[in-house]
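# Summary of the model geometry
Here are the chains, one letter per residue:
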Amino acid sequence: MSKNSLQYFKEIYKKTLTSIYDENEAMSIWNIVVEKVLHLSKIQQMLNQDKMLETDEESKLLSVLEELKTSKPVQYIFNEAYFYGLELYVDESVLIPRPETEELVELILTDLKERKLNQSKLSILDVGTGSGCIPLALKKHLPQSDIFGLDVSEKALLVARKNAELCKLDATFIQQDILKNDAWDNPPLDIVVSNPPYIPIAEKNLMSDNVLNFEPHLALFTENDEALIFYEKITRFAFKYVKKGGLLYFEGNEFNVKKLANLLKQKGLQNVRIYSDMSGKGRMVQGVV
Ligand SMILES: C[S@@+](CC[C@H](N)C(=O)[O-])C[C@H]1O[C@@H](n2cnc3c(N)ncnc32)[C@H](O)[C@@H]1O
């Protein structure tokens, strides 16, 4: 195999990245890099395995690999992440949107359709909005609705507003610390959604380097061991500002989802239901105010 062929570089990437990621993940990172650096889709790549690379292409691939070796997520290297059909800007001030959160958006849209609310003008707030992925995906599919995103981080809000502009979608982003301030100066809400921080800071050491060293800790961890503190505050907020019969949707994880559902029942939410993600793990909880 020639030392400047595409195939050769693929092998170098595979060997290097499988020390950090599993093979599937390593190869999907390789596909993203090839698409961004060489502008070749996965299929074009397969058809061009023997392609000889130019010197500048080789050095670009090697410099990206150097960054990847530090465990830096590929989305931060290219400042780009895909979410529910949207191409979003991301940097280290926001969490990289996860496929599980796409499932939360899917759940909300399906549920609203079943309730015949998908054509209504709804007022929807996402608490802890980060890149703005949830509100922007919702706005795309519910264009008649008023969409809000709230975050304590000014830097995250800059990213969310940038994404609204890039995607040409209209949403209002508000800076607010939901743990300290539960005011709401806008009209009453129909829906509150949130994928809040839920990892107790004591579990920090269990996280992998690519998450721990690059993703914002503000987005991941709760300040102390109260794993459900955000859910509790957001539910209290919802009881104040969401119309009777309105909906609350949360993302959690397989370890906290039952406790979360119990908490919501205790707080007085009706019809509390747990939904599983694609891998069959309980992850989302929905309730009626
Ligand atoms: C798990 S991330 C979710 C980001 C985005 N919604 C997503 O699903 O990719 C949680 C978000 O909550 C924000 N956050 C953390 N503490 C907060 C607080 N006290 N008040 C409001 N937002 C907060 C973080 O800045 C972060 O953007």
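Residues numbered from 1 in each chain as written. Predicted model: local features only at pLDDT ≥ 70, side-chain atom pairs only at ≥ 80, totals over all residues. Heavy atoms only, no water.

### Here we look at the site of the ligand
Just so we agree on the cut-off: The near set for a molecule or strand comprises every residue that places at least one heavy atom within 4 Å of it. Polar contacts, as used here, are pairs of N or O atoms within 3.5 Å; protein pairs need one atom able to donate a hydrogen and one able to accept it. Residues neighboring in sequence count only if both atoms are side-chain atoms. Where accessible areas are quoted, they stem from the Shrake-Rupley method and a 1.4 Å probe; at the residue level, only the protein chains shown are allowed to cover. Strands are runs of DSSP state E lasting at least 2 residues, helices are runs of H or I lasting at least 4, and numbering of each runs from the N terminus. Nonpolar residues are Ala, Val, Leu, Ile, Met, Phe, Trp, Tyr, Cys and Pro. Charged residues are Asp, Glu, Lys and Arg, and all others, Gly as well, are polar.
The environment of the ligand is made up of 22 residues, and the closest members are Gly 128, Asp 151, Asp 177, Asn 195 and Ala 219. Between Thr 129 and the ligand, the recorded distance is 3.4 Å, taken from a backbone N or O atom to a nitrogen atom. Within the backbone of Val 152, a nitrogen or oxygen atom sits 3.3 Å from a nitrogen atom of the ligand. Protein burial of the ligand: of its 600 Å² of free accessible surface, 96% is covered by the chains. Among the secondary structure elements, those contributing two or more residues to the shell around the ligand are helix 7 (133–141), strand 4 (146–151) and helix 10 (217–220). Taken together, the residues that form the shell around the ligand break down as 13 nonpolar, 7 polar and 2 charged.

### Here we look at the nonpolar core
Spelled out, the test is: For this analysis, a nonpolar core means a set of buried residues of the types Ala, Val, Leu, Ile, Met, Phe, Trp, Tyr and Cys, connected via side-chain atoms within 4.5 Å. When accessible area is computed with a 1.4 Å probe and restricted to protein chains, residues below 20% of their type maximum are described as buried, those above 50% as exposed, and intermediate ones as partly exposed. Two residues form a contact once any of their heavy atoms are found within 4.5 Å.
Core analysis: the biggest nonpolar cluster contains 35 residues, and Leu 125, Trp 184, Leu 189, Val 192 and Phe 237 have the highest contact counts within it. Sorting the residues of this core by element identifies strand 3 (123–127), strand 4, strand 6 (189–194), helix 9 (209–212), helix 11 (229–241), strand 9 (242–251) and helix 12 (257–266) as the ones contributing at least two each. In this structure Trp 184 touches Leu 125, Phe 148, Ile 174, Leu 189, Phe 237 and Tyr 241, once residues within four positions along its chain are discounted. Grouped together as the second largest cluster of nonpolar side chains are 33 residues, Ile 124, Ala 164, Cys 167 and Ile 191 included.

### Considerations on the pattern of salt bridges
Where we set the bar: Salt bridges are defined as contacts in which a side-chain nitrogen from Lys or Arg sits within 4 Å of a carboxyl oxygen from Asp or Glu.
Under the criterion given, the structure shown has 16 salt bridges. Two residues, Lys 121 and Asp 146, come together in a salt bridge whose shortest N-O distance is 2.8 Å. Pair noted here: Lys 121 is in the loop between helix 6 (99–114) and strand 3 and Asp 146 is in strand 4, with a separation of 25 residues, a long-range link. Within the structure, one salt-bridge network assembled from shared partners comprises Glu 67, Lys 72 and Glu 92.

### With respect to the environment of Met 52
By the element assignment, Met 52 lies in the loop between helix 3 (42–47) and helix 4 (55–69). Given the relative accessible area of 45%, Met 52 is considered partly exposed. Spatially, the C-alpha atoms of Met 52 and Asn 4 are 5.6 Å apart, while their sequence positions differ by 48 residues. Ignoring sequence-local partners within four residues, the contact set of Met 52 consists of Ser 2, Asn 4 and Ser 5.

### Some thoughts on the packing of aromatic side chains
Rules: A pair of aromatic rings is counted whenever rings of Phe, Tyr or Trp (Trp by its six-membered ring) have centres within 6.5 Å, and the orientation is called stacked for planes under 30 degrees apart, edge-to-face for over 60 and tilted otherwise.
Considering all chains together, one arrives at 6 aromatic pairs under this definition. Seen in terms of ring centroids, Tyr 8 and Phe 9 are 6.1 Å apart; in terms of plane orientation they differ by 85°. Their pairing is edge-to-face. A relative accessible area of 25% places Tyr 8 in the partly exposed class. A relative accessible area of 3% means that Phe 9 is categorised as buried. Here Trp 184 and Phe 237 contribute two aromatic rings whose centre-to-centre distance is 6.0 Å and whose plane-to-plane angle is 80°, an arrangement assigned as edge-to-face.

### Let's talk about the environment of Ala 156
Structurally, the position occupied by Ala 156 is in helix 8 (residues 154–167). A C-alpha to C-alpha distance of 9.3 Å links Ala 156 and Gly 128, two positions 28 residues apart in sequence. In this structure Ala 156 touches Ser 93, Val 94, Gly 130 and Asp 151, once residues within four positions along its chain are discounted.

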